[in-house]
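Chain residues, written in single-letter form:
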Amino acid sequence: MENIYDYSLEELKAWFKSNGESAFRGKQVFDYLYKGIADIDQMKTINEEAKEKLRKNFKVALPKILEKRTSKDGTIKMLMLLEDHNIIETVIMKYHYGYSVCVSSQIGCKMGCTFCASTKGGMVRNLSSGEILSQVIASQLLVGERMSHVVLMGSGEPLDNFDQVMKFLELINAKEGLNLSHRNITISTCGLVDRIYELADRKLQITLAISLHETTDERRKLIMPIANKYSIHDILNSVKYYMDKTGRRVSFEYALVKGSNDTEDDARALAKLLHGMQVHVNLIPVNAIKEMLFLPSTNESVNRFRDVLLSHKIEATVRREMGSDIDAACGQLRRSYLENM
Ligand code: SAH
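Residues numbered from 1 in each chain as written. Predicted model: local features only at pLDDT ≥ 70, side-chain atom pairs only at ≥ 80, totals over all residues. Heavy atoms only, no water.

Q: Help me understand the sheet that holds strand β10 (residues 185-189) in this model?
A: Whether parallel or antiparallel, the strands of a sheet pair through hydrogen bonds between backbone atoms. The mixed open sheet is built from 10 strands, whose spatial order is β3-β4-β5-β6-β9-β10-β11-β12-β13-β14. In this open sheet, the two strands that pair with only one neighbour each are β3 (64-70) and β14 (315-318). Taking the axes of each pair of neighbouring strands and ignoring which way they run, one obtains an average angle of 25° across the sheet. Pairing of strand β12 (residues 250-256) with strand β13 (residues 279-285) involves 7 bridges; the strand directions are parallel. Opposite Glu253, over in β13, you have Asn282 as the bridge partner. The strands touched by helix α8 (residues 232-246) within the sheet are β11 (207-211), β12 and β13, with β12 carrying the most contacts at an inclination of about 145°. (Pairing = 2+ DSSP bridges. Helix = DSSP H or I, 4+ residues; strand = E, 2+ residues; numbered from the N terminus. Axes fitted to C-alpha atoms, helices over the stretch in contact; angles between N-to-C directions. Contact = heavy atoms within 4.5 Å.)

Q: How should I be thinking about the site of the ligand in this particular structure?
A: With respect to spatial proximity, 17 residues lie near the ligand, and among them Phe115, Ser188, Ser211, His213 and Asn287 are the closest. Take Gly156: an N or O atom from its main chain is 3.0 Å from a nitrogen atom of the ligand. Measuring from an oxygen atom of the ligand, one finds a side-chain N or O atom of Glu253 at 3.0 Å. Summarising the interface, the protein chains cover 95% of the accessible area of the ligand, which totals 530 Å² for the free molecule. (Near = heavy atom within 4 Å. Polar contact = N/O pair within 3.5 Å; in protein donor to acceptor, adjacent residues only side chain to side chain. Areas by Shrake-Rupley, 256 points an atom, 1.4 Å probe, with all protein chains shown as cover.)

Q: Hey, could you run me through the domain arrangement of the protein chain in this one?
A: The parts lose accessible area when they come together, and the size of an interface is often stated as this lost area. The domain boundaries assigned to the protein chain delineate domain 1 (2-59) and domain 2 (64-339). Domain 1 and domain 2 are separated by 33 Å when their C-alpha centres are compared. Summed over both sides, the interface of domain 1 with domain 2 buries roughly 1,100 Å², with 61% coming from carbon and sulfur. Counting the surface domain 1 buries against domain 2, the share from its top three residues, Tyr5, Asp6 and Tyr34, is 49%. The interface formed by domain 1 and domain 2 contains 1 salt bridge. A salt bridge links Lys167 to Glu11, with the shortest nitrogen-to-oxygen separation between them at 2.9 Å. Inspection of the domain 1/domain 2 interface yields 5 residue pairs in polar contact (both at pLDDT 80 or more). For the side of domain 1 that touches domain 2, the secondary structure elements donating two or more residues are α1 (9-18) and α2 (23-34). Looking at which element gives the most residues to the side of domain 1 that touches domain 2, the answer is α2, with 3 residues. (Domains from an automatic or database assignment. Buried area = accessible area lost by both parts, 1.4 Å probe. Salt bridge = Lys/Arg side-chain N within 4 Å of Asp/Glu carboxyl O.)

Written as structure tokens, this is what we have:
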């Protein structure tokens, strides 16, 4: 059965029409769904016959919050249970400008980055557009406020689930739905170059973030298997194309690992790579994960790294560590949950 949240308003209206109901019923159901009423029994204005058709044809449910942890800094990390009993992670972060929610795009991940907990159990399946969207709706219901930003930085490689992620971007942007501007959405990728070109051609106004983490292919291959397929040179060319097509600046993520990629020489090498490009670098002290023996860089090295970039006119900020007291980093809560089952 299809997930009803995969349907746009137009598609839902069309479905009702072709099933002997008025298009207006579609609009009513749509409004219920976006108010978070994902229970057919509670859709009071829908007649019994139409309800029965819905029950027969759709999965109508928001993911259930299985576990919720709140950090001292206000970050809320949730484990969400899907209809098929798979579990995903969603994280809500509170900033001065509002709430930002970090959603998963796949169950697990197959990219195999050595430092990332999400990939340790491999990939189970793609999430559908509606499953990505309903993480945002469930988050809004939980805190009782609108999510002003959405980042696709939870489990999964969004560009490996391209079609569903594109549909999600359409759904979340719809006026009658959440009406969230693409400018408030970030897609993070480990660098699927062919898909970056494809995305560029769509000319969307989203923010693209590239997980770079190293400055040479040789070293990048040691931590990110995708580097065997696409070189840093390929990535940079695709980013230039992306910026050209969309007029958007691109971000680079660089996770700093103590004694590994955090020296001043590394910073200079990064500055050289990005020279002349209008980009932003997000420096993230790596989050230690149980499966791997590595440590985050010290504050001192992080700041030094940032200063080298700034002195080369590369815009760089250090990402505030959020929710580290609650295993909020990158797939860790799901991992520990699955291990203890
Ligand atoms: N697959 C996508 C999006 C999910 S990961 C991507 O690779 O970009 C989101 C970000 O978290 C990526 O930059 C990823 O490299 C980073 N990340 C994963 N594990 C991490 C860890 N242990 N510490 C710091 N950053 C990590």
